[in-house]
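Residues per chain are reported as follows:
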Amino acid sequence: MGATGDTGPAGAAGATGAAGAAGAAGAAGATGPAGATGATGAAGPNELWISPSDLGALSPNSLVTRADVNINGYLQSVIKIADTTTATAYMTSLFLLPKGWSKATSVKMTVFYSVSRVDGNIDFILGAQSYKVGDALFTTGSNASNIVTPTAVNTLYSTEKNIAGLIKPDATLLEIAVERYMINGGDPAGDDTNTGDVYIFGIKLEAVLP
């Protein structure tokens, strides 16, 4: 038998095999921590000041006027209510109800005033009414009378009522009114017996919010 011949050259490489199937998806990662809570928004106002110039609607008689009066030698702009025994005299203001006030536990209405004489009582009625779209307008509700007895002229006095019960939960506008009730025998709480003028310097509204 003859000798074994030399090994022949390597054959060509075979074609690449098909790609394998994709592996299964990994499990979802853990949820990250919640972001920080944002800061609380600023609280709305809890006090309003209604000046004489803001009291836009006055009685349709000559008893209530805007006036500059001399008090201890200085002129001061006020709402002046003159005395009578046969009528009432009032002033009102209508404005946007501040946010949150319809849920206030108390809304104190304080009227600041002085008098030109100290010969009797003043009968104040402090009123309020609230409105939303669709309500009949200008049906001002009122609280009980405030009978006050000032004892000095050219002196600052105040009288107040809580009007929160007159504000509806869904109201958007608030109307306030200050009335001097002067019809003799007309108010069971008592008569306005003061014969002088009353000077209104302004009205403060102060809300206690929940």
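Above this text is the structure in question.
Here goes a summary of the coordinates provided. Just so it is clear, the structure is predicted and the values come from calculations on it, not from any experiment.

How each quantity is defined
Residues numbered from 1 in each chain as written. Predicted model: local features only at pLDDT ≥ 70, side-chain atom pairs only at ≥ 80, totals over all residues. Heavy atoms only, no water. Core = buried A, V, L, I, M, F, W, Y, C linked by side-chain atoms within 4.5 Å. Buried < 20%, exposed > 50% of the residue type's maximum accessible area, 1.4 Å probe, protein only. Helix = DSSP H or I, 4+ residues; strand = E, 2+ residues; numbered from the N terminus. Contact = heavy atoms within 4.5 Å. Pairing = 2+ DSSP bridges. Salt bridge = Lys/Arg side-chain N within 4 Å of Asp/Glu carboxyl O. Lys, Arg positive; Asp, Glu negative; His and termini not counted. Polar contact = N/O pair within 3.5 Å; in protein donor to acceptor, adjacent residues only side chain to side chain. Patch = residues over 30% accessible without salt bridge, like charges linked within 9 Å, V, L, I, M, F, W, Y side chains within 5 Å. Areas by Shrake-Rupley, 256 points an atom, 1.4 Å probe, with all protein chains shown as cover.

1. Some details on the nonpolar core
With 37 residues, the main nonpolar core has Phe-124, Ile-176, Ile-200, Ile-203 and Leu-205 as its most contacted residues. The set of elements that each furnish at least two residues to this core consists of β4 (74-81), β5 (88-96), β6 (106-115), β7 (122-131), β10 (173-181) and β11 (198-208). If near-sequence neighbours (up to four positions away) are discounted, Ile-203 is found in contact with Leu-48, Trp-49, Ile-50, Leu-55, Met-109, Thr-110, Val-111, Ile-176 and Val-178. In terms of nonpolar packing, the next biggest core, distinct from the first, is built from seven residues, Val-69, Ile-71, Phe-112 and Phe-201 among them.

2. Section: the pairing of β6
Buried residues dominate β6, accounting for nine of its 10 residues. Here β6 pairs with β11 via 10 bridges, running antiparallel. Looking at β11, one finds that Met-109 is bridged to Leu-205. Of the strand pairs in this sheet, β6 and strand β9 (residues 157-162) are connected by six bridges, and their pairing is antiparallel. Residue pairing in the sheet places Thr-110 in a bridge with Glu-160 of β9.

3. Quick look at the pattern of salt bridges
In total, this model carries six salt bridges according to the counting rule given. Where Asp-135 meets Lys-168, a salt bridge forms, and the shortest distance between an N and an O atom there is 2.5 Å. One end of the pair, Asp-135, is in the loop between β7 and β8 (141-148); the other, Lys-168, is in the loop between β9 and β10, with 33 residues separating them in the sequence. Taking relative accessible area as the criterion, Lys-168 reaches 28% and is therefore assigned partly exposed.

4. Observations concerning the side chain of Asp-187
On the secondary structure map, Asp-187 appears in the loop between β10 and β11. Despite its burial, Asp-187 pairs with no opposite charge, the nearest such side chain being Lys-161 at 10 Å. At a separation of 2.9 Å, a polar atom in the side chain of Asp-187 contacts the main-chain amide nitrogen of Ala-189. Ignoring anything within four residues of it in the chain, the contact list for Asp-187 reads Asp-123, Ile-125, Ser-145 and Tyr-181.

5. Details of a nonpolar patch on the surface
On the surface, Leu-94, Leu-137 and Phe-138 cluster together into a nonpolar patch covering about 290 Å² of accessible area. Along the chain, the position of Leu-137 falls in the loop between β7 and β8.

The analysis is restricted to geometry; functional conclusions fall outside its scope.
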